[in-house]
Amino acid sequence: MEVDQLQRSFLEYTNSLFRFLDGQFGQLQLLQDESNPEFVFEVVSLFFEDSERILNDLTLALDQQNVDFKKIDAHVHQFKGSSSSIGAQRVRNACIAFRNFCEGQNVEACRRCLQQVKQEYLLVKTKLEALLRLEQQILAAGGVIPMLDS
């Protein structure tokens, strides 16, 4: 595929993501330039690593005989923050609901919320992985990542 076609695909795909991501993701993209062409890739990769760890910690914490809701709430709060920092609005919103059930110390509702958070995370992860693949194809073809119109 030619560079200009890859760049058009990148812009179209990025615009389609704004059902899943908010303006914060656009702000991240603005921080990427020729001096740091893999900035978004690096930030999103760190988000994936942190998310996997947090989701694993949440799963383990909810499987305990005596559930520590303060610990769970701290994990959910951290996940909400990291999701917000990359613009994963649907994950963030699921975390807000999750925290409400932590306050009520409702184990079953927390387990349901964890499944919802995981589902939203996997959805945004799939979308971001596809975007990162397009970025890598553009760079490998000798192109530059196009900037979105403000």
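Residues numbered from 1 in each chain as written. Predicted model: local features only at pLDDT ≥ 70, side-chain atom pairs only at ≥ 80, totals over all residues. Heavy atoms only, no water.

Points about the UniProt feature "domain: HPt" (unreviewed entry) in the chain
Selection criterion: UniProt positions are given in the numbering used here, feature names are shortened, and annotations may be inferred rather than shown by experiment. Secondary structure counts use DSSP, requiring at least four H or I residues in a row for a helix and at least two E residues in a row for a strand, with both numbered from the N terminus.
On the UniProt side, "domain: HPt" (unreviewed entry) is annotated at positions that read residues 36-141 here. A distance of 17 Å separates the end C-alpha atoms of residues 36-141, which is 86% helix and 0% strand.

Points about the packing of helix α2 (residues 23-30) against helix α4 (residues 69-86)
Defined as follows: Between N-to-C directions, angles span 0 to 180 degrees; the directions come from axes that are lines fitted to C-alpha atoms, helices contributing only their stretch in contact. To sort the angles, those under 35 degrees are grouped as roughly parallel, those over 145 as roughly antiparallel, those from 65 to 115 as roughly perpendicular, and the leftovers as oblique. Any two residues whose heavy atoms approach within 4.5 Å at even a single point are treated as in contact. Under the convention adopted here, Pro, Cys and the residues Ala, Val, Leu, Ile, Met, Phe, Trp and Tyr are nonpolar, Asp, Glu, Lys and Arg are charged, and Gly plus all remaining residues are polar.
Where α2 meets α4, the axes come as close as 6 Å, and the angle between the chain directions of the two elements is 60°. It follows from the interaxial angle that α2 and α4 lie oblique. In this structure, α2 uses Gln 24, Phe 25 and Leu 28 to contact α4, whose residues at the interface are Ser 84, Ser 85 and Ile 86. Grouping the constituent residues of the contact of α2 with α4 by class yields three nonpolar, three polar and no charged.

Quick word on α2
As a reminder of what qualifies: When accessible area is computed with a 1.4 Å probe and restricted to protein chains, residues below 20% of their type maximum are described as buried, those above 50% as exposed, and intermediate ones as partly exposed. Think of it as the arc spanned by the lines of direction from the helix axis to the C-beta atoms. The definition of a polar contact used here is a pair of N or O atoms within 3.5 Å, where within protein one atom must be able to donate a hydrogen and the other to accept one, and adjacent residues in sequence count solely through side-chain atom pairs.
Along α2, the residues that are buried comprise Phe 25, Gly 26, Leu 28 and Gln 29. One side of α2 holds all its buried residues, which, seen down the axis, span an arc of 155°. Next to the buried residues of α2 lie α1 (3-16), α3 (39-62), α4 and α6 (107-140). Sitting at the head of α2, Asp 22 places a side-chain oxygen 3.0 Å from the backbone nitrogen of Gln 24.

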